[in-house]
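# What the coordinates show
This is what each chain is made of:
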Amino acid sequence: MRLHKLSLTSPTLLLPHFPPSLHFKRCRISSSTTRNHSHNRFLQPMSTSRLQKLVPVAAIATEDAAGPNGSSAAHEDDESNGGYRLPPPEIKDIVDAPPLPSLSFSPNRDKILFLKRRSLPPLSELAKPEDKLAGIRIDGKSNTRSRMSFYTGIGIHDLKDDGTLGPEKVIHGFPDGSKINFVSWSTDGKHLAFSIRQDQDDDSGSKLRVWVADVETGKAKPLFHTPDVFLNAVFDNYVWVNDSTLLVCTIPLSRGSPPKKPLVPSGPKIQSNERKSVVQSRTYQDLLKDEYDEDLFEYYATSQLVLVSLDGSVKLFGEPAIYTSLDPSPDQKYVLLSSIHRPFSFNVPCGRFPTKDDLWSADGKFIRTLCDLPLAEDIPITFNSVRKGMRSLNWREDKPSDLYWVETQDGGDAKVEVSPRDIVYTQAADAPEGEEPKIFFKLDLRYGGISWCDDSLALVYESWYKTRRVRTWLVAPGSHETPRLLFDRSSEDVYSDPGSPMLRRTPDGTYIIAKFKKEDKEGTYLLLNGSGATPKGNIPFLDLFDIDTGDKERIWQSDKEKYYESVVALMSDQTAGDLNVNELKVLTSKESKTENTQYYIQQWPDRKAFQITSFPHPYPQLASLHKEMVRYERRDGVQLTANLYLPPGYDPSRDGPLPCLVWAYPGEFKNKEAAGQVRGSPNEFPGIGSTSPLLWLARRFAILSGPTIPIIGEGKEEANDSYVEQLVWSAEAAVQEVICRGVAHPDKIAIGGHSYGAFMTANLLAHAPHLFSCGIARSGAYNRTLTPFGFQSEDRTLWEATDTYIKMSPFMSANKIKKPILLIHGEEDNNSGTLTMQSDRFFNALKGHGALSRLVILPFESHGYSSRESIMHVLWETDRWLQKFCVSNSLEDIASKNDESKETKGSEDKAVASGAGAVAELEDNGVDGLHFHTRSSLCFSFWSNNWSLVI
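Computed from a predicted model, the values in this text were never measured in an experiment.

Reading guide: rules and limits
- Residues numbered from 1 in each chain as written.
- Predicted model: local features only at pLDDT ≥ 70, side-chain atom pairs only at ≥ 80, totals over all residues.
- Heavy atoms only, no water.
- Core = buried A, V, L, I, M, F, W, Y, C linked by side-chain atoms within 4.5 Å.
- Buried < 20%, exposed > 50% of the residue type's maximum accessible area, 1.4 Å probe, protein only.
- Helix = DSSP H or I, 4+ residues; strand = E, 2+ residues; numbered from the N terminus.
- Contact = heavy atoms within 4.5 Å.
- pLDDT = per-residue confidence, 0-100.
- Pairing = 2+ DSSP bridges.
- Axes fitted to C-alpha atoms, helices over the stretch in contact; angles between N-to-C directions.
- Right-handed = clockwise from strand over helix to strand, strands pointing away.
- Phe/Tyr/Trp six-rings, centres within 6.5 Å; stacked < 30°, edge-to-face > 60°.
- Lys NZ or Arg CZ within 6 Å of the ring centre and 35° of its normal.
- Expected span 1.5 Å × (residues − 1).

### Some words on the nonpolar core
- Counting 61 residues, the largest nonpolar core has Tyr 723, Leu 764, Phe 772 and Phe 842 as the members making the most contacts within it.
- No other element matches helix H7 (residues 723–740), which puts nine residues into this core.
- Look past the residues within four positions of Leu 764 in its chain and what remains in contact with it is Leu 727, Val 728, Ala 731, Ile 751, Pro 769 and Phe 772.

Here is the structure:
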């Protein structure tokens, strides 16, 4: 399993966090940010730790040409296209600050890798040719996913018992200027494997080669003795089979040149549905279009597996195929291979293509095919609908070579009422031919994953999106004891979240539930790591949980007053058997409003903390900014929360109200009380990413970041049927709060958002123009008739909820938008639903009604923006817009404010009465099959103190 999570300004820690719905595979560290994993439609059964607060950020480059220097309040060339621009120095300097390294701990917890990174990449890297095939984008020259970021170097430090780090040992031996990806520890921690590539004109120079390094000496060498063996990293790339052998996806030596597109097609493009099949799909991007695309996809995605030892000996492993996953068994005797094959589809991404799972011996002998599933174009769009047949096929983490999987009993259709809904099966890899698998567990909700421990303990998770119900079952896999319901709660009720069991690493490199014992007491205990949501903010905790009695003992809790601390990983898991509580050792993070994240080793029984990092403040010019978590209420009584940021040195009595930027993202709920719960901590460090609204603190703005915009549909009500009404209520409450506090000028408040936040922005300018002076909408979708088979959390079709689709589409209200709106969109947006065409057509509609508007299309950029030129220009455009229409909001505009509000009031009330709704603009792209991540159920703010972990 990979965690590709990077930040621009804060350290990235690479450790494994395994949501219950994810399979715990070997961890490889990649700086790649291009793999679009499906977003989980199942709400996570237990708490999500800080390890899920991750945003991928593309890799970074040197300062290249970017046009004239920064903007000012006056913009003489507002209509001209003067090339790429730079924002004011106070913003530019923050974005250009050198990034801190990513970190990774060794399997034995005695060493730390410092993975070095660069700054923002130049646009020239994004401009490289790429092929858009089957829902993914491929760099044919490198034979990997396009737009991959990378590391520039690797340093190793010994971690001493007192928490101090030894001197850096640099991994060396590879060419200068190499781009490093897919860093992977061997199970024994003695070697590192990684890929390197270089920017060269010839095809072979830009392809990836696998290297290995001796951790003790730091010396690296090519894994293959011959220079013509290259890595195929379109899907999986390589995995350690044992401490001295890797299984590698290579480019077949005999594959030849890529297919050429015929100048004249052999015939028309035909799709047929003469069997009257019901096929409903989200608005997927980058799909295959014709036979040439099929051939090209197969050409780049096909790998030849090779078994290679550290001594250089090589053995072919199976036949060439499109391998998507390589998974050795814990005992290293078997390998589970997943692949996809023809017939491909023009309607869905490659994650829905026919998929086959085969069992092989670790030395390359085929044993049997476990399943071969057909093309899955007909998965219903209803949430919790799944593919028919075997899914989530994995190794049991606590057994040498036992497989488990789940099969739906409702035909994959969540609308079908049936009990059980899912059945989990298990079977040994060496089971005799014809032996039936054992039924392990039957579920009435949708399967959400299993955390394994041993024959006496496993936790099984199930959930149901429509009701937000999540259940956790305690099962004894080795006995016939009746399963016990451990937790039964709403995923929206964060106050009741008991936390997730901490996992320990086994000698085989798998992760299982850690069991604990107390010296003075009998019993079996789990260690629950929770976010600790409270009405005063998150206060993370560790609870010792007695699985027999259900009793809890809090053995650690974050500082409540000044700091935000959280437990990142268990570090005392090297001994076999149950762990002693008094010998507990954990890795923690610590931060405050003004102090950036640092990492500590904390050990029981005295709980003394040893600081192991001393990262400098990423933006010292904003070190004394003011942050406050504010609480307020909207007109229907729902409690709302936001983070209010004020610039350093600001004194409201002296400086008066400021221009204010509100940046938000709506979320959907089933319960008013849950929607009003506080999420996040007032003591968290305000991370600032490359396009964060917090950058405008340097321009003396007040920032209301992440105000909760809950869209609530209780019981059988559909939240989106009152989307506009609830949206306006939340916005009104937020604006009233900053005005009443005296920090925001009522006529100088701007609204902005990205993706679904952009959709929100356009709707607020249409239906609540009295609240905002202008708007900034990035990469949004504005016409819901262009996403007719659902969007966000809406799983009704356009034909089932026509009024809702139309009334919540700001495109349909373009004639009502009178306030200035800046639209920004990547020209190569690959996110489901947010086609670049959405901004094009919305701008044309605005222009057709004389609206003050501006459309900026960023060449080569996708849904998020990554190149230095594009990011700097987005910041310039945003600053220009804010200075012109927020800071310098003209007296004429202010004078006409009341008239404008009166003019729109009648139509606004009418629209609000029958408004509509939505949720989060990152949809399931169907790629990478069965692996999911759960999105936050509320809004997203922009920050960059993100980290992940790979132990």
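### Focus on the confidence of the model for the chain
- Per-residue confidence for the chain gives a mean pLDDT of 87, with 84% of residues at or over 70.
- In this model residues 16–27 is a low-confidence stretch, pLDDT under 50, and it forms 65 contacts with partners more than four residues away in sequence or in other chains.
- Segment residues 32–76 is flagged for pLDDT under 50; beyond a separation of four residues in sequence, or across chains, it makes 192 contacts in the model.

### Points about the sheet that holds strand S11 (residues 191–197)
- Read from one edge of the open sheet, four strands run S10-S11-S12-S13, paired in antiparallel fashion. Two strands bound the open sheet, and with one partner strand each, they are strand S10 (179–185) and strand S13 (220–222). Mean inter-strand twist for the sheet, computed between neighbouring axes without regard to direction, equals 30°.
- Taken together, the three bridges between strand S12 (residues 209–214) and S13 define a ladder with antiparallel strand orientation. Its bridge partner lying in S13, Ala 213 is registered against Ala 220.

### Description of the pairing of strand S48 (residues 774–778)
- Within S48, five of the five residues are buried, which leaves it mostly tucked inside the rest of the structure.
- Neither face of S48 is left uncovered, since the one carrying Cys 774, Ile 776 and Arg 778 and the one carrying Gly 775 and Ala 777 both have all their residues buried.
- At this point the chain moves from strand S47 (residues 744–754), through helix H8 (residues 756–767), to the parallel S48, and the crossover so formed is right-handed.

### A word on the sheet that holds strand S40 (residues 608–611)
- Taken in spatial order, the four strands of this open sheet run S36-S38-S39-S40, and their pairing is antiparallel. A strand with exactly one partner marks an edge of an open sheet, and here the two such strands are strand S36 (563–570) and S40. Averaged over all adjacent pairs, the angle separating strand axes in this sheet is 35°, with direction ignored.
- Examined bridge by bridge, strand S38 (residues 585–592) and strand S39 (residues 598–603) share six bridges and lie antiparallel to one another. The residue bridging Val 586 from the neighbouring strand is Gln 602, located in S39.

### Here we look at the packing of aromatic side chains
- In total, this model carries 25 aromatic pairs according to the counting rule given.
- Judged by centre distance (5.0 Å) and plane angle (15°), the ring pair of Tyr 756 and Phe 759 falls under stacked. Of the two residues, Tyr 756 and Phe 759 are both situated in helix H8; the distance of three residues between them amounts to about one turn of the helix.
- Among the aromatic side chains, those forming a connected cluster through ring pairs are Phe 235, Phe 297, Phe 344 and Phe 353.
- For Arg 784, the ring lying beneath its charged end belongs to Phe 759, and the centroid distance is 4.7 Å.
- Taking NZ or CZ as reference, Arg 784 lies 4.2 Å from the ring centre of Phe 791, over its face.

### Quick word on helix H10 (residues 836–848)
- Taking 1.5 Å per residue, 13 residues should reach 18 Å; H10 reaches 19 Å between its end C-alpha atoms and fits that length.
- Within H10, the full set of buried residues consists of Thr 836, Gln 838, Ser 839, Phe 842, Phe 843, Ala 845 and Leu 846.
- Looking at the buried side of H10, the elements it contacts are H8, strand S49 (821–826) and strand S50 (853–858).
- Two residues or fewer after H10 comes Gly 850, characterised by a positive phi angle close to 75°.

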